[in-house]
Each structure stands twice: as structure tokens, then as C-alpha cells.
Amino acid sequence: FKKLSTSQRSLVVRVAPKVIVGSKEAALWEEELRAHGYYWDTSALVPMKTLVLDLGLSEMDLLGQMKPKTRQNIRLSQRRGVTTKVVKGDTIAKNVNYLDEFYTVYHQNCQRIGIKSMPRKQIETLFKTLCENLFVFYAYLNSGELGTVASFIVNGDTIWYQMNGSTAKGRHDFATNLVVWEGMLEGKRRGCRWFDFDGVRDERYRYTKDENWDGITRFKVGFGGEEVTYLGTYIKRLPFLKKARQCGFEG
């Protein structure tokens, strides 16, 4: 990291090793990071606690490990006439209507739960860059109205649940449950082994301690899976920046 940070003239270096707490790898990483001047960062670089589901299980077993209420909500959504459509990222980036639909529902949902949404232009670039390795499920209600959107990223043998949003009617018809289930099935079709929920409440970080994260975590836990906790984010500031902070010059 030292060689890379020097070549890039970095003032701050943040590292989030993907090693599980309690493992030998985590102990070695922590020892080395601290030995080189890194310390625990109170702001996580990426979600450090998540739920992972084994997509190698059959559809029946995946449904079987869910909480009864989650399983029931998926079936209720289907009975209420909610239908889904999957669209690749590069197709969305080229189609302003798809992009408008996604961003509108996603952005309004972020406002509802009080979190900052990703800028539209950044989303467009992300979709365009990842192409078929990113896809979105659009869930339409029986009336034809869009109720829920959810994006998923495929990386190797893992599929990540990423950005999402829903309308009041979409939540009423449990379209959010249905798109997660459809995302799992799409992951199986693509040959992925793992489904990663990309973050649940982590008591180590302040940002997950508000009531919104309680609801987010309850929703994800309903699908089952195994909780995985990674080591966390570590940070190192170069001597110049440390001195600037001490003098009160950091913005």
C-alpha cells in the first residue's frame, strides 16, 4: 500500500480487507495493518457485516430457510398480479425511459428513508460500465404501475443485492420481496453460488444504528442465510495531513 499511495500522492489510505472476524487471516491482517500505522476507522468503506445465502440450494430449500412471513409475502405478491422484468445495465443506460423509471423510484425511496441517493449520472455510468454484469428487476403492479426496482451486480461466483426502491403501492403488494426472490433465481440461472445482501446492521458503526437500519436488517434476515462479519475498515493518514488536522486546517 505504501508504494501505491506514494506513487498516487495519496494523503489518506483506507483499507477494508475481505477477511472474516475470528479467522487467522483477519488476525494477520490486523497485526500487519497496525504495525504499519493503520488504525480502526469509525466510518466503514464498504458494508462490513452482511448476510450470504447459498444459491447451490434448490428453490424449495431456499424458500424453506426463509421466515414464514417472507415466504408468504412472495406468494401474496404473485397472487396480487405483480410481474417482473429483468433488464441488463447497458440496455438501461441507453434507454432514457428505463433509466428514468429506475432513478425516480430509487431516489424517492432514498428520500423516504432518509439516506443520500447516488447521483443519476453516476448510476448511468455504473450501468454502462458493468453491462451484463449488472441487471435490474422492474416489478409492475396489476394496474401496470411500476412498484419496485432493484439492481444486482454479478462478480465471479457472487451476486450482490445493490440499489433498490419501492412505491407505497409496491410495498403494499410486497413487490420488494418478489424482486429479491427473482434476483436469487437469476443468480442461480447465471451460475452464481452466493447471494450477498451487501450489508445489515453492524453495531460497530454509527451509521447503521438508526431505526431505518433496523427495518432494512429485518427485511433481509427474513430471507435466511448466514451472517458474515468482516474485519472492518482501517485508515492511515500521511504525516502532512496528521499535522494539518492537529493545526485545525482539515475541512
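Here, the structure is the one placed above.
Take the sheet that holds strand S7 (residues 158–166) next. Sheet architecture is open: 7 strands sit in the order S4-S5-S6-S7-S8-S3-S9, paired in mixed fashion. Every interior strand has two partners, whereas the edge strands, strand S4 (83–88) and strand S9 (226–229), have only one. On average, each strand axis in the sheet is inclined to that of its neighbour by 30°, with strand direction left out of account. Relative to S7, strand S6 (residues 146–155) runs antiparallel, the two being bridged by 7 bridges. Across the sheet, the residue bridging to Thr148 is Ser166, located in S7. Against the sheet, helix H6 (residues 96–113) makes contact with S4, strand S5 (134–140), S6 and S7, and its axis sits at roughly 75° relative to S7, the strand it touches most.

On inspection of all chains with the given rule, the structure shows 14 aromatic pairs. With 5.5 Å between their ring centres and 40° between their planes, Tyr98 and Tyr138 make a pair best called tilted. Taken as a pair, Tyr98 in helix H6 and Tyr138 in strand S5 lie far apart in primary sequence, 40 residues in all. When sorted by exposure, Tyr98 lands in the same class as Tyr138, which is buried. Between Phe135 and Phe152 the ring centres are 5.4 Å apart and the planes differ by 20°, which places this aromatic pair in the stacked class. Of this pair, Phe135 sits in strand S5 while Phe152 sits in strand S6, and the two are 17 residues apart along the sequence. For the pair Phe135 and Phe152, a shared accessibility class is recorded, and that class is buried. An aromatic cluster is present here, built from Phe135, Phe137, Phe152, Tyr161, Phe195, Phe197, Phe219 and Phe223 joined pairwise through their rings. Sitting above the plane of the Trp194 ring, Arg193 keeps its charged end 4.9 Å from the centroid.

Cut-offs applied
- Residues numbered from 1 in each chain as written.
- Predicted model: local features only at pLDDT ≥ 70, side-chain atom pairs only at ≥ 80, totals over all residues.
- Heavy atoms only, no water.
- Pairing = 2+ DSSP bridges.
- Helix = DSSP H or I, 4+ residues; strand = E, 2+ residues; numbered from the N terminus.
- Axes fitted to C-alpha atoms, helices over the stretch in contact; angles between N-to-C directions.
- Contact = heavy atoms within 4.5 Å.
- Phe/Tyr/Trp six-rings, centres within 6.5 Å; stacked < 30°, edge-to-face > 60°.
- Buried < 20%, exposed > 50% of the residue type's maximum accessible area, 1.4 Å probe, protein only.
- Lys NZ or Arg CZ within 6 Å of the ring centre and 35° of its normal.

Honestly, that's just the spatial picture; any functional story needs more than this.
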